[in-house]
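Structural characterization, general
In case you want the letters, here they are:
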Amino acid sequence: MPEQRVAIVTGASRGIGRAIALRLAKDGRHVVAVARSEGPLNELVAEITAAGGSATAKTCDLADSGAVTAMIESVVSELGRLDILVNNAGITRDNLILRMSDDEWDDVINTNLKSVFVACRAAARPMMRGKFGRIVNIASTSGLVGNAGQANYAAAKSGLTGLTKTIARELGGKGITANTIAPGFIQTDMTKDLPEQVIEGVKAMMAVRTLGTPEDIAACVAYVTSDEAGYLTGQTIAVDGGMTMC
Ligand code: NAI
């Protein structure tokens, strides 16, 4: 069993998840990087290892509940512990509500909300055994204030805040914290195709007048998952350059 804390990071193949994996590894965690495709995960593991850290890659389709449970169980049986769970993977299937199909709704709810419930349920017991746990669910400011064209995404992300607060209440007495981080607009594949005009409008809404970076989110995750953050739980932390302030 590694002496280091073991951290699962979903959606680690690129963007925010990749930055979180790199940061947690730099901070001395053994990182289990999870995504669908093996190639980018192997590159990430090689990068972490070359920098003196330790990491493992796990492929998993998070939209498949059975696969999520099996992935968590395999991490616990192979590494003997699970201390940190960062549910970061997410998708968008944007459409105005009048045009949104059942499939667009179901895909986003399954990947962005149900998979997080399933992962937290599977992680709870091993964390309770270890008398320590840090759960971080990556939501979105869309879930805090809504966003036209994102009924499915905003509902899923808003659902994460209720789920997380409930986990915080249920497991707080066992040394386990659960928090939600709500990024604003972060420079990743998810936002790279937004028209320049939209980006300029978004920047104007932010107190700091710039888009965030994946590293901005990773820095917050690093603190929230640290041993010293045991008194911080049930919170939704908007890392959004002062866009919402709610
Ligand atoms: P991204 O699209 O660059 O990366 C998403 C990651 O999730 C990828 O690694 C992808 O492989 C993985 N993923 C998606 N569906 C999966 C599935 N079914 N099974 C396994 N892995 C799957 O996204 P980005 O921008 O890095 O976002 C990360 C998280 O942050 C998401 O939950 C997103 O909703 C949230 N977020 C992002 C914002 C942004 O401005 N980029 C703003 C607010 C929230």
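Preceding this paragraph is the structure being described.
Below or above, wherever it landed, is the structure these notes cover. The numbering scheme is per chain: residues are counted from 1 as the chain's sequence reads. The predicted nature of this model means local features are confined to residues of pLDDT at least 70 and side-chain atom pairs, given and counted, to a pLDDT of 80 or more, with totals for whole chains, interfaces and linings taken over all residues. Side-chain measures here rest on the full set of heavy atoms in the structure, leaving out hydrogens and waters.

Comments concerning the side chain of S140
- Numbered from the N terminus, helices here are DSSP runs of H or I no shorter than four residues, and strands are runs of E no shorter than two. Within the fold, S140 resides in the loop between β5 (133-138) and α5 (141-145).
- Pairs of N or O atoms within 3.5 Å make up the polar contacts considered here, provided that, within protein, one atom can donate a hydrogen while the other can accept it, and that residues adjacent in sequence are counted only when both atoms are side-chain atoms. Within the structure, S140 has its side chain in polar contact with the backbone nitrogen of S142 (distance 2.9 Å).
- Once you skip the residues sitting within four places of it in the chain, S140 turns out to touch Y153, K157, I181, A182 and P183. In this description, contact between two residues means that some pair of their heavy atoms is separated by no more than 4.5 Å.

Thoughts on the pairing of strand β6 (residues 176-183)
- Only protein chains enter the area calculation, which uses a 1.4 Å probe; residues under 20% of their type maximum are buried, those over 50% are exposed, and those in between are partly exposed. Within β6, 8 of the 8 residues are buried, leaving the element largely enclosed by the surrounding structure.
- Burial of the side chains of β6 extends over both faces: I176, A178, T180 and A182 are buried on one face and T177, N179, I181 and P183 on the other.

Examining the nonpolar core
- Within the largest apolar cluster, 32 residues are counted, with the highest numbers of intra-cluster contacts made by I8, M71, I72, L82, L85 and I135.
- Not counting residues up to four positions away in its chain, the partners in contact with L85 are I8, I72, A119, C120, A123, M127, R134, I135 and V136. Only buried residues count toward a nonpolar core. Its members are Ala, Val, Leu, Ile, Met, Phe, Trp, Tyr and Cys residues joined through side-chain atoms within 4.5 Å.

Quick look at the site of the ligand
- Close to the ligand lie 30 residues; S13, N88, Y153, I186 and T188 are nearest.
- Take C60: an N or O atom from its main chain is 3.5 Å from a nitrogen atom of the ligand.
- Protein burial of the ligand: of its 830 Å² of free accessible surface, 96% is covered by the chains.
- Looking at the shell around the ligand, the elements with two or more residues in it are α1 (15-26) and α6 (151-171).
- When residue character is reported, Ala, Val, Leu, Ile, Met, Phe, Trp, Tyr, Cys and Pro are called nonpolar, Asp, Glu, Lys and Arg charged, and the others, Gly included, polar. Of the residues assigned to the shell around the ligand, the class counts are 15 nonpolar, 10 polar and 5 charged. Any residue with at least one heavy atom within 4 Å of a molecule or strand is counted as near it. Surface exposure here means Shrake-Rupley accessible area, sampled with a 1.4 Å probe, where a residue is shielded only by the protein chains that are shown.

A word on the pattern of salt bridges
- Salt bridges are counted wherever a side-chain nitrogen of Lys or Arg sits within 4 Å of a carboxyl oxygen of Asp or Glu. Here the structure, examined in full by the defined rule, presents 10 salt bridges.
- For D83, the salt bridge goes to R81, with nearest N and O atoms at 2.9 Å. Just as D83 is buried, R81 falls in that class too.
- Between K203 and E200 there is a salt bridge, and its shortest N-O distance comes to 3.7 Å. In this pair, K203 and E200 both sit in helix α7 (residues 196-205), 3 residues apart, roughly one turn of the helix.
- Judged by relative accessible area, which is 41%, E200 ranks as partly exposed.
- One salt-bridge network, in which partners are shared between bridges, spans R5, R81, D83 and D227.

Describing the packing of α1 against helix α8 (residues 214-224)
- Here, axes are lines fitted to C-alpha atoms. For helices the fit covers the stretch in contact, and angles between N-to-C directions go from 0 to 180 degrees. Where α1 contacts α8, the two axes come as close as 8 Å, and the packing angle between them is 45°. For the element pair α1 / α8, the angle class is oblique. For the pair α1 and α8, the crossing hand works out as right-handed. Of the residues in α8, those in contact with G15, I16, A19, I20, R23 and L24 of α1 are P214, E215, I217, A218, A219, V221 and A222. An angle below 35 degrees is treated as roughly parallel, one above 145 as roughly antiparallel, one from 65 to 115 as roughly perpendicular, and anything else as oblique. Crossings are assigned a handedness: left-handed for a near helix turned anticlockwise from the far helix by less than a right angle, right-handed for a clockwise turn.

Observations concerning helix α3 (residues 65-79)
- Working rule for helices: expected span equals 1.5 Å times residues minus one. End to end, α3 covers 21 Å across 15 residues, agreeing with the expected 21 Å (1.5 Å per residue, within 8%).
- Here α3 has its buried residues at V68, M71, I72, S74, V75, V76 and L79.
- Residues of α3 that are buried in the fold lie against β1 (6-10), β2 (30-35), β3 (54-59), β4 (84-87) and α4 (102-130).
- Following α3 by one or two positions, G80 has its phi on the positive side, about 80°.

A short note on the packing of α4 against α6
- With their axes 8 Å apart at the nearest point, α4 and α6 run at an angle of 15° to one another. Judged by the inter-axis angle, α4 sits roughly parallel to α6. Both α4 and α6 take part in a crossing whose hand is right-handed. For the pair α4 and α6, the contacting residues are E104, W105, V108, I109, N112, L113, V116, F117, C120, A124 and M128 in the first and A151, N152, Y153, A155, A156, K157, G159, L160, L163, I167 and L171 in the second.
- Classifying every residue of the contact of α4 with α6 by side-chain character gives 17 nonpolar, 3 polar and 2 charged.

Remember that the coordinates give geometry; whether it matters functionally is a separate question.
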